[in-house]
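# Examination of the molecular architecture
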Amino acid sequence: MDEFAALLRSIERLAGFRCSRYKEDYIKRRILSRMRLTNTEDYEAYHRYLLANPQEVDPLRNALTINVTKFFRDPEVFEVLQREVLPDLARRKKTIRIWCAGCATGEEPYSIAILMHELTALRRDINVTIYATDIDTGVLQKATAGIYDEKTLENVGERRIQKHFTRRDDGMLEIRPHIRDLVKFRRHDLMSGIPIARYLDVVTCRNVTIYFTEGQKNELAHLFHSALAADGYYIMGKTEYLGREVEHLFTPYNIAQKILQKPA
Ligand SMILES: C[S@@+](CC[C@H](N)C(=O)[O-])C[C@H]1O[C@@H](n2cnc3c(N)ncnc32)[C@H](O)[C@@H]1O
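Quick caveat, the model's predicted, so the values are computed rather than measured.

## Re the overall build of the protein chain
When helices and strands are tallied, the protein chain shows 10 helices and 10 strands. For 264 residues, the compact-globule estimate of 2.2 N^0.38 gives 18 Å, and the protein chain sits close to it at 20 Å. Seen through its principal axes, the protein chain has C-alpha atoms that stretch 60 × 50 × 25 Å. Scored against the burial criterion, the 264 residues of the protein chain give a buried share of 36%.

## Describing the pairing of strand 1 (residues 95-101)
With six of seven residues buried, strand 1 is to be regarded as a mostly interior element. With seven bridges connecting them, strand 1 and strand 2 (residues 127-134) associate as parallel partners. The residue of strand 2 that forms the bridge with C100 is A132. Bridge count between strand 1 and strand 7 (residues 200-205): three bridges; the pairing is parallel. The residue bridging I98 from the neighbouring strand is V202, located in strand 7.

## Describing unusual backbone geometry
For D74, which is not a glycine, the phi torsion comes out positive at approximately 60 degrees. Looking at D74, the number of C-beta atoms within 10 Å reads 16, which means it is partly exposed. Its identity is not glycine, yet K258 carries a phi of approximately 55 degrees, on the positive side.

## A look at the site of the ligand
Neighbouring the ligand are 22 residues; T65, N67, T69, G102 and A104 lie closest to it. Taken together, the residues of the shell around the ligand sort by class into 10 nonpolar, six polar and six charged.

## With respect to the domain arrangement of the protein chain
For an interface, size is often stated in terms of accessible area lost upon the parts coming together. Each assigned domain of the protein chain is listed here: domain 1 (3-64) and domain 2 (75-261). One C-alpha centre belongs to domain 1, the other to domain 2, and the line joining them spans 30 Å. The interface is formed by seven residues belonging to domain 1 together with five residues belonging to domain 2. Counted by class, the side of domain 1 that touches domain 2 contains two nonpolar, one polar and four charged residues.

## Quick look at the sheet that holds strand 5 (residues 173-175)
If you trace the three strands from one edge of the open sheet to the other, you get 3-5-4, paired in antiparallel fashion. On the outer flanks of this sheet lie strand 3 (147-148) and strand 4 (165-167), each paired with one strand and no other. Pairing of strand 4 with strand 5, which is carried by three bridges, proceeds in the antiparallel orientation. Bridging from a neighbouring strand, R167 pairs with L173 of strand 5.

## Regarding the packing of helix 2 (residues 24-37) against helix 4 (residues 57-64)
Packing of helix 2 against helix 4 leaves a shortest axis separation of 9 Å and a crossing angle of 140 degrees. It follows from the interaxial angle that helix 2 and helix 4 lie oblique. By crossing handedness, the relation of helix 2 to helix 4 is classed as right-handed. Where helix 2 approaches helix 4, its residues R30, S33 and R34 are matched on the opposing element by P59, L60, A63 and L64. Grouping the constituent residues of the contact of helix 2 with helix 4 by class yields four nonpolar, one polar and two charged.

## Description of the environment of L60
Residue position: L60 is located in helix 4. Here the alpha-carbon distance between L60 and I11, two residues 49 residues apart in the chain, equals 8.6 Å.

Rules of the game
- Residues numbered from 1 in each chain as written.
- Predicted model: local features only at pLDDT ≥ 70, side-chain atom pairs only at ≥ 80, totals over all residues.
- Helix = DSSP H or I, 4+ residues; strand = E, 2+ residues; numbered from the N terminus.
- Rg over C-alpha atoms; globule rule 2.2 N^0.38 Å.
- Buried ≥ 20, exposed ≤ 12 C-beta atoms within 10 Å, placed from the backbone.
- Pairing = 2+ DSSP bridges.
- Near = placed C-beta within 6 Å.
- Nonpolar A, V, L, I, M, F, W, Y, C, P; charged D, E, K, R; others polar.
- Domains from an automatic or database assignment.
- Contact = placed C-beta atoms within 7 Å.
- Axes fitted to C-alpha atoms, helices over the stretch in contact; angles between N-to-C directions.
- Parallel < 35°, antiparallel > 145°, perpendicular 65-115°, else oblique.
- Left-handed = near helix turned anticlockwise from the far one by under 90°.

Structure, rendered in structure tokens:
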């Protein structure tokens, strides 16, 4: 077995991360970023380092599942959600269910929860649930805690901060229970082929598929199609696109913001 293959086997065993399911180029780039930071010069040296230093497993797993995110990332998408998509659902439904797939540390589902709360504050008849899932249990712990630094809130106005966050003594901002309670965090692997629920009204899966091959992206489109109710919305990341083979599953709702709709 070559050095790289041996390293991947150890990563799968130690970090529980199935490297073989991802593009090799991507895995190599992420491992190289750890090699730079650990001053190891080739795969063999990094492999030795990983086996001798159990504390390397967590940062390596984080590097493999990069989970950079922030509140209201790409604010224009959230403006369309606030102005059009969510009010459309609130007009048609008494129960609104949303799935944020690949939610990382929770900023995206909490941003949607803030919009939903503001929209339905005077509508006690509407029930909202946001399922927020990720493969990485470390980020889910952070998401559940709901404690953030100012930087991740740079797109949140002061009025919203005051209404939906508590400022702690250490300067961090904690999401308040009226928002937190709308979101249910769960571990879920998007490659499992199993949807978290069905008849959903919105699925967001943004900035996740850069890790996936074309075939996996197509399978994901089928998964989200089966998870959505007719007329439900599928929101992709700004740089993501639907492959030719699965284009027919959705109709464009807002092309610029990558918002699609499952045909009725
Ligand atoms: C860059 S973050 C995106 C966060 C958020 N959606 C956003 O756009 O700001 C990508 C997330 O996808 C998650 N991820 C990667 N592969 C996954 C898989 N197979 N199943 C579920 N989540 C996955 C990573 O753990 C990471 O937290």
